[in-house]
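# Understanding the architecture of this molecule
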Amino acid sequence: MPVKRLGVASPPAYTNFFTELATSDVTCVASVIVANKGSIDLNATVYIEPVQSPGNPNNYVYIVNSLVVGVGQSFETFRFALDVGDKIWVASTTANAAFSATAAYESSGRSNIIYSSTQPGFPQVGDIWVNSSTNAVGVYTGSGFNTVATVAPTGPTGPTGPLGGLGPVGPTGPQGSGISILGSYATVELLEADNATGNPGDAYIVSPNVYIWDEQNSAWVNSGPFVGPTGPTGATGPSVTGPTGPTGSEGPTGPSGGPTGATGSTGPTGPTGATGPTGSSITGPTGPTGAASTVTGPTGPTGPAVTGPTGATGATGAQGTWDTAQSIEVKSDTYTLVLGDAGKLIRCTKASAMSIIVPTNATEAYSVGQRIDIMQYGAGQVTVSGDTGVTVRFTPTNKLRATYSTASIIKIGTDEWVLAGDLALT
């Protein structure tokens with residue numbers, strides 16, 4: 001009985017899609033081996049899609065479902081029968097699983113058929129003799145032909161017997177159990193730390209997936225995304241601005257400039273010309289005008305410049321409350337922060353990866369303790385890093401974990417910041 005490999009596959013981590021491992025081209029008995037090549041445990045699933053009902057999940061045959069395979073371990077399923085055209089589908093919770101399918105099948109045998117009225121001479125084991133006289137069918141076993149069937153004509157069909165009575169109704173099977181969502185956790189590690197064991201049907205949400213307790217493997221199994229209906233939008237909170245502090249008193253006005261200098265003396269008036277004699281009806285000519293004075297009086301000295309003292313600073317107004325709305329800046333590509341972003345929420349909407357750059361103190365002089373919030377609103381992962389000379393502290397990474405993840409960047413030194421929030425593990 002020969003053995004052949006039907007197929008191999010190393011599928012990506014499960015995201016609601018299975019990978020076709022093989023399609024059987026022989027009638028055979030097969031098994032699947034799965035090996036864990038990674039550094040963490042994985043859950044493997046193998047099912048058969050019969051050729052008689054393609055694409056019908058109700059007829060899928062699951063060989064293993066969410067089987068835990070430890071680091072460095074491998075597992076071979078029990079052997080199962082396949083028809084020509086049956087398909088094997090596989091999936092794993094990580095991309096470090098290697099699947100292979102092998103099959104054992106019958107090879108083609110001898111099929112020498114002889115039709116005659118006399119027994120053939122020199123037969124070999126497996127020869128078939130159809131006796132044309134008696135219609136008997138025999139197979140040669142090495143010591144003679146053993147009759148195994150007949151090809152005589154079939155007699156007429158007898159009358160149909162009466163319909164039998166209705167059999168008793170079988171007992172009702174036990175009611176299936178559903179699942180109960182008991183809460184949510186930020187990470188699988190926190191879920192396992194608080195719930196080392198569970199009961200059948202227990203489930204928790206580790207966004208965006210739902211984890212169900214698998215009693216057979218004693219483990220929390222990722223069963224894929226859990227998406228509920230979108231809730232209604234909440235009412236907008238009131239916009240409250242803190243009162244403005246009183247204006248400080250105005251300082252006294254400084255003295256005006258120094259006294260005006262003395263006016264210079266007027267130059268002498270030139271002599272008036274003689275008046276001509278008055279005629280009875282004739283006006284005499286006007287005498288010439290005296291020359292203008294060319295002497296300018298001296299300019300007085302400039303008074304000293306005096307500035308009055310600055311008035312006292314008014315008291316600081318009361319601090320605003322948390323009801324005050326936060327300003328939101330929308331950024332659709334890589335962006336370097338500016339001083340005006342302090343206290344704002346930067347909403348990143350790019351569909352592919354983008355970066356938020358923290359500038360040096362020499363470029364944008366933020367005060368120690370100031371912070372900026374950052375949200376990954378689009379599908380593109382957001383990375384937060386410092387410009388040359390700027391240190392950004394973070395754990396475990398400086399990348400936001402997923403869409404709608406939010407983190408804060410806080411200044412703790414001249415060119416030193418801390419990034420904290422919903423950050424990616426790797």
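Treat the numbers as computed from the prediction; the structure is a model and nothing was measured.

### Observations regarding the overall build of the chain
A tally of helices and strands in the chain yields one helix and 26 strands. Residues classed as buried in the chain amount to 28% of the 426 residues present. Looking at the chain alone, contacts between residues at least 24 apart form 57% of all its contacts between residues at least 6 apart. Counting every atom, the chain has about 27700 Å² of accessible surface; 55% of that belongs to carbon and sulfur.

### Some words on the nonpolar core
The biggest cluster of nonpolar side chains holds 25 residues, and the ones touching the most others in it are Ile88 and Phe99. Leu337, Tyr366, Leu400 and Leu423 belong to the second largest nonpolar core, which has 20 residues in total.

### A closer look at the sheet that holds strand β13 (residues 145-150)
With mixed pairing, the four strands of this open sheet are ordered in space as β10-β11-β12-β13. Each edge of the open sheet is held by one strand with a lone partner, namely β10 (113-116) and β13. In this sheet, adjacent strand axes meet at a mean angle of 25° when their direction is disregarded.

### What to know about the pairing of strand β15 (residues 202-206)
Across the five residues of β15, five count as buried, placing the element largely inside the fold. Because side chains alternate across β15, one face comprises the buried residues Asp202, Tyr204 and Val206, and the other comprises Ala203 and Ile205, equally buried. Taken together, the three bridges between strand β14 (residues 180-184) and β15 define a ladder with parallel strand orientation. Bridging from a neighbouring strand, isoleucine 181 pairs with alanine 203 of β15. Looking at chain direction, β15 and strand β16 (residues 209-214) are connected through four bridges and run antiparallel. Bridging from a neighbouring strand, alanine 203 pairs with isoleucine 212 of β16.

### Regarding the packing of aromatic side chains
Considering all chains together, one arrives at 12 aromatic pairs under this definition. Taken together, a centroid distance of 5.6 Å and an interplanar angle of 80° make the contact between tyrosine 204 and tryptophan 220 edge-to-face. Of this pair, tyrosine 204 sits in strand β15 while tryptophan 220 is found in strand β17 (residues 219-225), placing the two residues 16 residues apart along the sequence. The pair tyrosine 204 / tryptophan 220 is uniform in exposure class, with both members buried. Pairwise contacts between aromatic rings join Tyr14, Phe18, Tyr47, Tyr60 and Tyr62 into one cluster. One cation-aromatic arrangement involves arginine 347 over tyrosine 377; the distance from NZ or CZ to the ring centre is 4.5 Å.

### A word on the pattern of salt bridges
Between side chains of opposite charge, pairing is possible as soon as their charged atoms come close. Here the structure, examined in full by the defined rule, presents eight salt bridges. Two residues, lysine 4 and aspartate 25, come together in a salt bridge whose shortest N-O distance is 3.0 Å. Residue lysine 4 is found in strand β1 (residues 3-9), and its partner aspartate 25 is found in the loop between β2 (19-23) and β3 (28-36); the two are separated by 21 residues along the sequence. Owing to a relative accessible area of 25%, lysine 4 belongs among the partly exposed residues under this scheme. Its relative accessible area of 46% is what places aspartate 25 among the partly exposed residues. Aspartate 333 is the partner of lysine 350 in a salt bridge, and the nearest nitrogen-oxygen pair spans 2.9 Å. Here lysine 350, found in the loop between β20 (345-348) and β21 (354-358), pairs with aspartate 333, found in the loop between β18 (328-331) and β19 (335-336); they are 17 residues apart in sequence, far enough to count as distant.

### Some points on the sheet that holds β15
Strand order in the open sheet formed by four strands is β14-β15-β16-β17, with mixed pairing between adjacent strands. Only two strands of the sheet have a single partner each, and these edge strands are β14 and β17. Taking each pair of neighbouring strands and ignoring which way they run, the sheet shows an average axis angle of 35°. Across five bridges, the pairing between β16 and β17 is antiparallel. Pairing of aspartate 214 across the sheet is with alanine 219, part of β17.

### Quick word on the pairing of strand β4 (residues 42-49)
Summarising burial for β4: eight of the eight residues are buried, a large majority. Covered by surrounding structure in β4 are Leu42, Ala44, Val46 and Ile48 together with Asn43, Thr45, Tyr47 and Glu49, the residues of both alternating faces. Across six bridges, β4 lies against strand β5 (residues 61-69) in antiparallel orientation. If you follow leucine 42 over to β5, its bridge partner there is valine 69.

### Regarding the environment of leucine 337
Here leucine 337 shows up in the loop between β19 and β20. Leucine 337 sits in the buried class, given a relative accessible area of 1%. Sequence-wise, leucine 337 and glutamate 364 are 27 residues apart; in three dimensions their C-alpha atoms are separated by 8.3 Å. If we skip the residues at most four places from it in the chain, leucine 337 touches Ile346, Ile356, Ile357, Val358, Pro359, Glu364, Tyr366, Ile372 and Ile409.

### Some remarks on a nonpolar patch on the surface
On the surface, a nonpolar cluster with roughly 260 Å² of combined accessible area is contributed by Ile179, Ile181 and Phe226. Of note, phenylalanine 226 is situated in the loop between β17 and β18. Take phenylalanine 226: its relative accessible area is 39%, and that puts it in the partly exposed class.

Procedures and definitions
- Residues numbered from 1 in each chain as written.
- Predicted model: local features only at pLDDT ≥ 70, side-chain atom pairs only at ≥ 80, totals over all residues.
- Heavy atoms only, no water.
- Helix = DSSP H or I, 4+ residues; strand = E, 2+ residues; numbered from the N terminus.
- Buried < 20%, exposed > 50% of the residue type's maximum accessible area, 1.4 Å probe, protein only.
- Contact = heavy atoms within 4.5 Å.
- Areas by Shrake-Rupley, 256 points an atom, 1.4 Å probe, with all protein chains shown as cover.
- Core = buried A, V, L, I, M, F, W, Y, C linked by side-chain atoms within 4.5 Å.
- Pairing = 2+ DSSP bridges.
- Axes fitted to C-alpha atoms, helices over the stretch in contact; angles between N-to-C directions.
- Phe/Tyr/Trp six-rings, centres within 6.5 Å; stacked < 30°, edge-to-face > 60°.
- Lys NZ or Arg CZ within 6 Å of the ring centre and 35° of its normal.
- Salt bridge = Lys/Arg side-chain N within 4 Å of Asp/Glu carboxyl O.
- Patch = residues over 30% accessible without salt bridge, like charges linked within 9 Å, V, L, I, M, F, W, Y side chains within 5 Å.

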